Amino acid sequence: DVKVTQSSRYLVKRTGEKVFLECVQDMDHENMFWYRQDPGLGLRLIYFSYDVKMKEKGDIPEGYSVSREKKERFSLILESASTNQTSMYLCASSFRTSFHEQYFGPGTRLTVT
Amino acid sequence: AQSVAQPEDQVNVAEGNPLTVKCTYSVSGNPYLFWYVQYPNRGLQFLLKYITGDNLVKGSYGFEAEFNKSQTSFHLKKPSALVSDSALYFCAVRDMEGNNRLAFGKGNQVVVIP
């Protein structure tokens, strides 16, 4: 089975802190994605990556950056956390030609106080 | 941009009754459509997809979806709902104008009442 793991299930950070969310997949997938999930808004794509060191902005990249130094790992970085970044963050991965069949991690619920 | 709409926020259904979760789409060209489910405290799981072929698509856990081109709909169905089907359901479309990534709907909460 494909496994996508995220470093934390719950995280509480203070405004202005730098926050790292880590995601690791074990299926040798080329594509990796970061979404945020908010009630009534569904899933919104923050960033995605086609390959190592490659990244593309999604719909809401402002306030976020990403890093993909190894194929299996995709990190989401909040340079200076703000309260409006309190949300559920979901990581996903897929094969290069199968953008649609994405495998999701369990999510990280981030609270910024 | 390609998009999907899920018009209902919550669907309540009695256990054993048919379950329908609605989705309509807006795309240029032929749509690639998907359903995902999110059980409580879990990540999203792929349920089924429509790419081409038969309009009735069968997926996991007894779910199926019907593609209707004239109504631009892709409703998710299950003949007999279980309490364990209570979850959040997302419809999605491949956004061919956006690097083929998925565009998700806002989600529908399904509550199956025992």
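Each remark here, short or long, concerns the structure printed above.
Because the structure is a prediction, the values reported are computed rather than measured.

(A) A look at the nonpolar core. Trp35, Leu48, Leu76 and Tyr89 of chain B are the most contacted members of the largest nonpolar core, which totals 28 residues. At the level of elements, β2 (10-14), β3 (19-21), β5 (33-38), β6 (44-50), β8 (64-68), β9 (73-78), β10 (87-95) and β12 (108-113) of chain B are the ones that each hand at least two residues to this core. Element by element, the count of residues in this core is highest for β10 of chain B, at four residues. Ignoring sequence-local partners within four residues, the contact set of Leu76 of chain B consists of Leu19, Thr20, Val21, Trp35, Leu47, Leu48, Phe63, Glu64, Ala65 and Tyr89 of chain B. Core analysis: the second largest hydrophobic core is formed by 20 residues, Val4, Met32, Val66 and Leu78 of chain A among them.

(B) Spatial organisation of the interface of chain B and chain A. In this complex, chain B contributes 19 residues to the contact, which on the side of chain A involves 23 residues. For the pairing of chain B and chain A, the buried interface totals around 1600 Å² over both sides, and the portion due to carbon and sulfur atoms is 54%. Our enumeration of links across chain B and chain A arrives at one salt bridge. Here chain B is connected to chain A by three residue pairs in polar contact (both at pLDDT 80 or more).

(C) Broad picture of the pattern of salt bridges. Under the criterion given, the structure shown has twelve salt bridges over all chains. We note a salt bridge from Arg73 of chain A to Glu22 of chain A, for which the minimum N-O separation is 4.0 Å. Linking Arg73 of chain A in strand β8 (residues 73-78) with Glu22 of chain A in strand β3 (residues 19-25), this pair joins segments that are 51 residues apart in sequence. Here Arg73 of chain A falls in the partly exposed class, since its relative accessible area comes to 37%. Linking Glu66 of chain B and Lys77 of chain B is a salt bridge whose minimum nitrogen-to-oxygen distance equals 3.2 Å.

Reading the values: the criteria
- All residue numbers refer to position in the chain's written sequence, counted from 1.
- Chain labels run from A onward and ligand labels from 1 onward, assigned in the order the entries are written.
- Two thresholds apply to this predicted model, a pLDDT of at least 70 for residue-level local features and 80 or more for giving and counting side-chain atom pairs, whereas whole-chain, interface and lining totals are computed over all residues.
- Heavy atoms from the whole structure form the basis of all side-chain values; hydrogens and water molecules are not counted.
- Nonpolar core, defined: a set of buried Ala, Val, Leu, Ile, Met, Phe, Trp, Tyr and Cys residues in which side-chain atoms within 4.5 Å join the residues together.
- Each residue's exposure class comes from its accessible area (1.4 Å probe, protein chains only) as a fraction of the maximum for that residue type: buried when under 20%, exposed when over 50%, partly exposed otherwise.
- Runs of E in the DSSP output that reach at least two residues are strands. Runs of H or I that reach at least four are helices, and both are numbered from the N terminus.
- Only heavy atoms matter for contacts: two residues are in contact if any of them lie within 4.5 Å across the pair.
- Two parts lose some accessible area (1.4 Å probe) when they are put together, and adding that loss for both gives the buried area.
- The working definition used for a salt bridge is a side-chain nitrogen of Lys or Arg within 4 Å of a carboxyl oxygen of Asp or Glu.
- For this analysis, a polar contact is any N or O atom pair within 3.5 Å, provided that within protein one partner can donate a hydrogen and the other can accept it, and provided that sequence-adjacent residues contribute only side-chain to side-chain pairs.

The values reported here are purely geometric and, on their own, carry no functional implication.
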